[in-house]
Amino acid sequence: MGVVTPQKFHFAEPLTLECNRTLPSFDLMVETYGTLNSDKSNAILICHALSGNHHAAGFHSVDDKKAGWWDNMIGPNKAIDTNRFYVVCVNNIGSCFGSTGPTTVNPDSISSDDSIDSSDSSANNSNEPQVYGPDFPLITIKDWVKTQAMLSDRLGIDVWHAIVGGSMGGMQALQWSVDYPDRLKRCVVIASTPKLSAQNIAFNEVARQSILSDPDFKDGRYIQAGTYPRRGLILARMVGHITYLTDDAMKAKFGRDLKSGKFMYGYDVEFQVESYLRYQGERFSENFDANTYLLMTKALDYFDPTRDYSSAVAKDNTESAVQLENSIAASVESSKANAQNELEDAVATIEDIESDRQQELSALKAAFAHTQCQYLVVSFTTDWRFAPERSQEIVDALMATGKPVSYINIDAPHGHDSFLFDIPRYMGAVKGFLTAPFITDSHSKNSRYNHQQPTGERS
């Protein structure tokens, strides 16, 4: 893409958030690539992941040595072809890369009292504008999508050709299809999930506690205090980074190799993998804000596109569950008394699991019932943070509601981070989906979806 220049869009109107707090105004940092056509029908919105931002492709200067985070995906003749499409990437509010967030000035801290004596230095200090810090409200995926829709209006884009995102970006794409069904034609959900599991929430909580327990956190007012919770942010990133990789990938890259070639019998870095994690944490702590990390992980925890459709969910008993119950019940009858209790417990557990699964499916079906776009869902075989089974939940619900969906499970060794890699089969699937004719006939919508089961085929 060469050198690209970000733009800041200011929105003077108040923004009411899901938490019932209101931002009086806000800014969005945006980067665009390619050219918008005359009828504005070739626009693609890119939604970024937790540590991402608006800089998805190209360089910010001729001396810039690091391209945007999805440069292998976006550009001339690439999967998202800028010769053909106008691509927009937005930095979410709550971030630390230029959009309104914890590191930007809180307008409530700006005094409008003209009676303050400008010669009074103590008055100047006490009334100096302050950043939001911990006072920035908690935000959700729905809030981000709402601001992106406002940007769409500003750009004059009524309908997006596609909305694309990986990981947390995939959640935003999914939420778009639910909240604004008539404003996108295609939805690409990559390495994502319909909602976080308890394990994923637990990982996020460990990361947050690493930051919150850092003595330099100062209840989130570290900028005012002149400190920074560097250690906490490093630990948070180390925990997160472990979940993005796989055991095989770490074994292949580091094994049990020692940095100095021998045991040092201490607590400093000895293994190469320790050195790698500390380096990643150090680098991250230099470029990211701790309050932003807390906000982003909470937004992940809160994500649930079915929340507004819970009243439509009913418990369903499937035929397979009934057959399984009958089979186990028969075993119970012929078992000894001590085995009966165990089997009865097993029946109850299976019933609970099946009931929960059916409730989740019913809720997703209700959420997707009114969607109008075509979907591409992509997962990766080694992603254990958002495993392929979570993508399949999305696909199953879309299929059950007759929505056009294509699904591909890519064999890749990189774990959750696979969505950032230039994998030919993955890139080809995205490019093919974005350039294929849109199915407009209602009959075709119900009959031409493609549910591709995982093949295990190598890329």
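Above this text you will find the structure in question.
Residues numbered from 1 in each chain as written. Predicted model: local features only at pLDDT ≥ 70, side-chain atom pairs only at ≥ 80, totals over all residues. Heavy atoms only, no water.

J.: Teacher, can you tell me more about the overall build of the protein here?
T.: Scanning the protein for helices and strands turns up 14 helices and twelve strands. Of all 459 residues assigned to the protein, the portion counted as buried reaches 48%. Long-range contacts, defined as pairs at least 24 residues apart, comprise 74% of the intrachain contacts of the protein with a sequence gap of at least 6. Of the roughly 21,500 Å² of accessible surface on the protein, 50% is carried by carbon and sulfur atoms. (Helix = DSSP H or I, 4+ residues; strand = E, 2+ residues; numbered from the N terminus. Buried < 20%, exposed > 50% of the residue type's maximum accessible area, 1.4 Å probe, protein only. Contact = heavy atoms within 4.5 Å. Areas by Shrake-Rupley, 256 points an atom, 1.4 Å probe, with all protein chains shown as cover.)

J.: I keep staring at unusual backbone geometry and nothing clicks. Help me out?
T.: Most peptide bonds take the trans configuration, and most residues that are not glycine carry a negative phi. In the Ramachandran plot, N20 falls in the positive-phi region, its phi being about 70° despite a non-glycine side chain. Note that N20 resides in the loop between strand 2 (15-16) and strand 3 (22-23). The exposed category is assigned to N20, whose relative accessible area is 68%. Residue N77 is not a glycine yet carries a positive backbone phi of 65°. Along the polypeptide, N77 turns up in the loop between strand 6 (74-75) and strand 7 (80-81).

J.: Can you walk me through the side chain of D289 in this structure?
T.: Mapped onto the fold, D289 is located in the loop between helix 8 (272-287) and helix 9 (290-302). Look at D289: it is buried, it has no salt bridge, and the nearest opposite charge is R221 at 12 Å. Separated by 2.7 Å, the side chains of D289 and Y222 make a polar contact. With residues near it in sequence (within four places) discarded, D289 still touches C96, P102, T103, Y222, Y228 and L233. (Lys, Arg positive; Asp, Glu negative; His and termini not counted. Salt bridge = Lys/Arg side-chain N within 4 Å of Asp/Glu carboxyl O. Polar contact = N/O pair within 3.5 Å; in protein donor to acceptor, adjacent residues only side chain to side chain.)

J.: Whenever I open this one, the packing of helix 4 (residues 198-212) against helix 9 confuses me. Can you help?
T.: Two numbers describe a pair of packed helices, the interaxial angle and the distance between the axes. Look at helix 4 against helix 9: their axes get within 10 Å of each other, and the N-to-C directions meet at 160°. Taken together, the axes of helix 4 and helix 9 lie roughly antiparallel to each other. In this structure, helix 4 meets helix 9 at a crossing whose hand is left-handed. Along its contact with helix 4, which presents I201, N204, A207, R208, I211 and L212, the element helix 9 presents A290, Y293, L294, T297, K298, L300 and D301. (Axes fitted to C-alpha atoms, helices over the stretch in contact; angles between N-to-C directions. Parallel < 35°, antiparallel > 145°, perpendicular 65-115°, else oblique. Left-handed = near helix turned anticlockwise from the far one by under 90°.)

J.: Sorry if this is basic, but what is going on with the sheet that holds strand 8 (residues 86-90) here?
T.: Backbone hydrogen bonds hold the strands of a sheet together, and the pairing may be parallel or antiparallel. On the basis of which strands lie adjacent, the open sheet formed by eight strands has the order 1-4-8-5-9-10-11-12 and mixed pairing. Of all strands in the sheet, those bounded by a partner on one side alone are strand 1 (7-11) and strand 12 (405-410). Adjacent strand axes in the sheet meet at a mean angle of 20°, parallel and antiparallel pairs treated alike. Relative to strand 12, strand 11 (residues 374-380) is paired through six bridges, and the arrangement is parallel. Opposite F380, over in strand 12, you have I410 as the bridge partner. Packed on one face of the sheet, helix 3 (residues 168-179) meets strand 5 (43-47), strand 9 (162-166), strand 10 (186-190) and strand 11 and runs near 150° to strand 9. Docked against the sheet, helix 13 (residues 424-435) engages strand 5, strand 9, strand 10, strand 11 and strand 12, running at close to 175° with respect to strand 11. (Pairing = 2+ DSSP bridges.)

J.: Whenever I open this one, the packing of aromatic side chains confuses me. Can you help?
T.: The geometry of an aromatic ring pair is captured by the separation of the ring centres together with the interplanar angle, meaning the angle of the planes. Throughout the structure, instances matching the rule amount to 14 aromatic pairs. Measuring from ring centre to ring centre gives 6.1 Å for F368 and Y375, while their planes differ by 55°; the resulting arrangement is tilted. Feature note: the residues F97, F284, F288 and Y293 constitute an aromatic cluster, connected by ring pairs. Residue placement shows R154 over the ring face of F11; its charged tip is 4.2 Å from the ring centre. One Lys or Arg, R237, reaches over the ring of F284 and ends 4.4 Å from the middle of that ring. (Phe/Tyr/Trp six-rings, centres within 6.5 Å; stacked < 30°, edge-to-face > 60°. Lys NZ or Arg CZ within 6 Å of the ring centre and 35° of its normal.)

J.: So what exactly am I meant to see when it comes to the side chain of S177 here?
T.: With respect to the helices and strands, the residue S177 is situated in helix 3. You can call S177 buried: its relative accessible area is 0%. Within polar-contact distance, the side chain of S177 engages the side chain of Y375 at 2.8 Å.

J.: I'm lost on the packing of helix 4 against helix 6 (residues 230-244) in this one. Help?
T.: Relative to each other, helix 4 and helix 6 sit at 165°, their axes nearing to 7 Å. As summarised for this structure, helix 4 and helix 6 are arranged roughly antiparallel, according to the angle between their axes. Between helix 4 and helix 6 lies a crossing of right-handed hand. Taken together, the residues of helix 6 that come into contact with helix 4 (itself represented by F203, V206, A207, S210 and I211) are G232, L233, L235, A236, V239 and T243. By residue class, the composition of the contact of helix 4 with helix 6 is eight nonpolar, three polar and no charged. (Nonpolar A, V, L, I, M, F, W, Y, C, P; charged D, E, K, R; others polar.)

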